Amino acid sequence: MTTSTRGATKVPAVLVLEDGRIFRGRAYGAVGETFGEAVFSTGMTGYQETLTDPSYHRQVVVMTAPHVGNTGVNDEDAESQRIWVSGYVVRDPARVPSNWRSRRSLDDELAAQGVVGISGIDTRALTRHLRERGAMRVGIFSGDAVRDDAALLARVQEAPQMKGADLSAEVATTEPYVVPAIGEKKFTVAAVDLGIKGMTPQRMAERGIEVHVLPATATVDDVYAVNPDGVFFSNGPGDPATADHPVSVMRGVLERGTPLFGICFGNQILGRALGFGTFKLKYGHRGINQPVQDRTTGKVEVTAHNHGFAVDAPLDKVSDTPFGRAEVSHVCLNDNVVEGLQLLDRPAFSVQYHPEAAAGPHDAAYLFDRFVSLMEGQRA
């Protein structure tokens, strides 16, 4: 990706999909070129959390909400230390942000971090195209990067695909760190960072948990070196079929019977550890308005999602696994995709969506309390 950063709003830009569909607009953020997988997010708010979610590594995010950037960028809502999206696509960017916490415009923040974007295109038409044809490779070109259409299409078709991509180690911490419990410390949790969002250890810390965040390369011995009461596997980018090391570590945790909780990529890792397969969704679930039913209670939750892969597990029966009986605990009401798993004979469960609610509704915050209950039960 090559970039420059000033005067972008008047610079022509071109978005080229790998199937040859082309959209023309104006540069937004940095000027240059970028490549990734084109995906769409249905959230009307929370763009700052989306941009800084490591799970979006190597993806070009199309915002379905027409107005983006209205509240600017602040210094509190980022989910990591940087923007991770490969590119950004909006229809009508805000000319002037308006919010009491805003410190700078979204356009300026994208430019400062070298994120190439495009504005002024019909994002509804682009989203409909992706829904019909599926997520696919894309390139955004502006300024001197613009060439004839055939040359740009060839560049896009040379870019790597998301299927088969092993990306978690590229976004995870390289050194362990600790998020202290807020108030009285009740438990210690080892969190394997596969692309963790900052709000996740915060939600645990609010419940008296001291969180030891470990690199994606952590071994079973590294996990148990912190003497954990529970183990957590985070969200993250890439194809879960490539994540052999985290699967091996999770199996080691399951063998010891330590309370275990996984989110998003962690749900897919649990699925693989139990012997289920995974598969790529046609266009994925992304946004903060996805309906999910908790089958253990019958309750329907409005939830935040970001996943392009899913677990292939039976919805209609309890499955026998090397670690006892397992069942699908949550399901997406839009398409019956598996959104959660739980073991019936060991203290382990996971969900495919994001209960930390950054950004998003708080319907699923109870899952952190469920994790606490597992650790309380184990201690008792």
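Residues numbered from 1 in each chain as written. Predicted model: local features only at pLDDT ≥ 70, side-chain atom pairs only at ≥ 80, totals over all residues. Heavy atoms only, no water.

1. Some words on the overall build of the chain
- Assigned secondary structure in the chain consists of ten helices and 21 strands.
- Whereas a compact globule of 380 residues would reach a radius of gyration of roughly 21 Å, the chain reaches 21 Å, a difference of no more than 12%.
- Taken along its principal axes, the extent of the C-alpha atoms in the chain is 65 × 40 × 35 Å.
- For the chain, with 380 residues in total, the buried portion stands at 58%.
- Considering only contacts within the chain whose residues lie at least 6 apart along the sequence, 75% involve residues at least 24 apart.
- For the chain, the computed accessible surface area is about 15,300 Å², with 46% contributed by carbon and sulfur atoms.
- Averaged over its 38 positive side-chain charges, the chain has a centre that lies 5 Å from the centre of its 46 negative ones. (Helix = DSSP H or I, 4+ residues; strand = E, 2+ residues; numbered from the N terminus. Rg over C-alpha atoms; globule rule 2.2 N^0.38 Å. Buried < 20%, exposed > 50% of the residue type's maximum accessible area, 1.4 Å probe, protein only. Contact = heavy atoms within 4.5 Å. Areas by Shrake-Rupley, 256 points an atom, 1.4 Å probe, with all protein chains shown as cover. Lys, Arg positive; Asp, Glu negative; His and termini not counted. Charge placed at Lys NZ, Arg CZ, Asp CG, Glu CD.)

2. Here's the deal with the nonpolar core
- By size, the foremost hydrophobic cluster in this structure holds 33 residues, and its most contacted members are Val 223, Phe 233, Met 250, Leu 254 and Leu 274.
- For this core, the elements supplying multiple residues, two or more each, are strand S12 (187-192), helix H7 (220-224), strand S14 (230-233), helix H8 (244-256), helix H9 (265-273), strand S19 (324-332) and strand S20 (338-343).
- Among all residues touching Leu 274, those that are not within four sequence positions of it are Leu 254, Thr 321, Pro 322, Phe 323, Ala 326 and Leu 343.
- Residues Ala 205, Ile 209, Phe 349 and Val 351 belong to the second largest nonpolar core, which totals 24 residues. (Core = buried A, V, L, I, M, F, W, Y, C linked by side-chain atoms within 4.5 Å.)

3. Considering a positive patch on the surface
- A surface patch of positive charge is lined by Arg 124, Arg 128, Arg 131 and Lys 282.
- Considering every element that reaches the positive patch, the biggest residue donor is helix H3 (residues 123-133), with three residues.
- Along the polypeptide, Arg 124 turns up in helix H3. (Patch = residues over 30% accessible without salt bridge, like charges linked within 9 Å, V, L, I, M, F, W, Y side chains within 5 Å. Salt bridge = Lys/Arg side-chain N within 4 Å of Asp/Glu carboxyl O.)

4. Concerning H3
- Those residues of H3 not exposed but buried are Thr 123, Leu 126, Thr 127, His 129 and Leu 130. Each buried residue of H3 sits inside an arc of 160 degrees when the element is viewed along its axis, so together they form one side. Within H3, the exposed residues directed more than 90 degrees away from the buried face are Arg 124 and Glu 132.
- Two or three places before Arg 124, at the opening of H3, Asp 122 has a side-chain oxygen 3.2 Å from that residue's backbone nitrogen.
- Directly beyond the C-terminal end of H3, a positive phi value near 100 degrees is found at Gly 134. (Arc of directions from axis to C-beta. Polar contact = N/O pair within 3.5 Å; in protein donor to acceptor, adjacent residues only side chain to side chain.)

5. Looking at the pattern of salt bridges
- Enumeration over the complete set of coordinates arrives at 19 salt bridges.
- Where Asp 77 meets Arg 101, a salt bridge forms, and the shortest distance between an N and an O atom there is 2.6 Å. Pair noted here: Asp 77 is in the loop between strand S6 (67-68) and strand S7 (87-89) and Arg 101 is in the loop between strand S8 (92-93) and helix H2 (106-112), with a separation of 24 residues, a long-range link.
- Classification of Arg 101 as partly exposed rests on a relative accessible area of 24%.
- Residue Asp 229 is joined to Arg 379 by a salt bridge in which the shortest nitrogen-to-oxygen separation is 3.3 Å. Remark: Arg 379 occurs in helix H10 (residues 366-379) and Asp 229 occurs in the loop between H7 and S14; sequence separation between them is 150 residues.
- Assessed through its relative accessible area of 25%, Asp 229 is described here as partly exposed.
- Take Arg 379: its relative accessible area is 52%, and that puts it in the exposed class.
- The network of salt bridges with common partners includes Arg 203, Glu 206, Arg 207 and Asp 369.

6. Looking at the packing of H8 against H9
- At a minimum axis distance of 9 Å, the contact between H8 and H9 shows a crossing angle of 70 degrees. The angle between H8 and H9 falls in the class roughly perpendicular. Here H8 contributes Asp 244, Pro 246, Val 247, Met 250, Arg 251 and Leu 254 to the contact with H9, which in turn contributes Gly 266, Ile 269, Leu 270, Arg 272 and Ala 273.
- For the contact of H8 with H9, the residue count by class is seven nonpolar, one polar and three charged. (Axes fitted to C-alpha atoms, helices over the stretch in contact; angles between N-to-C directions. Parallel < 35°, antiparallel > 145°, perpendicular 65-115°, else oblique. Nonpolar A, V, L, I, M, F, W, Y, C, P; charged D, E, K, R; others polar.)

7. Notes on the pairing of strand S9 (residues 116-119)
- Here S9 shows a buried face lined by Val 116 and Ile 118 and a second buried face lined by Gly 117 and Ser 119.
- Of the strand pairs in this sheet, strand S3 (residues 22-29) and S9 are connected by four bridges, and their pairing is antiparallel. Directly across from Ala 27, in S9, lies its bridge partner Ile 118.
- Direction of pairing for S7 relative to S9: parallel, over a ladder of three bridges. What sits directly across from Val 89, in S9, is Ile 118. (Pairing = 2+ DSSP bridges.)

8. Focus: the domain arrangement of the chain
- Domain annotation of the chain identifies domain 1 (12-158) and domain 2 (168-379).
- Measuring from the centre of the C-alpha atoms in domain 1 to the corresponding centre in domain 2 gives 28 Å.
- On the side of domain 2, 23 residues touch domain 1, which itself brings 23 residues to the contact.
- Taken together, domain 1 and domain 2 are joined by one salt bridge. (Domains from an automatic or database assignment.)

9. Considering the packing of aromatic side chains
- With the rule as written, the count across this model stands at six aromatic pairs.
- Aromatic ring contacts, followed pair by pair, group Phe 232, Phe 261, Phe 349, Phe 368 and Phe 371 into a single cluster.
- Above the plane of the ring of Tyr 224 lies Arg 256, whose end atom (NZ or CZ) is 4.0 Å from the centre. (Phe/Tyr/Trp six-rings, centres within 6.5 Å; stacked < 30°, edge-to-face > 60°. Lys NZ or Arg CZ within 6 Å of the ring centre and 35° of its normal.)

10. Re the pairing of strand S21 (residues 348-351)
- The alternating pattern of S21 places Ala 348 and Ser 350 on one face and Phe 349 and Val 351 on the opposite face, and all of these are buried.
- Pairing between strand S15 (residues 260-263) and S21: four bridges, direction parallel. Note on S21: the bridge partner recorded for Gly 262 is Ser 350.
- Taken together, S20 and the strand that follows it, S21, pair antiparallel across an intervening segment of four residues.

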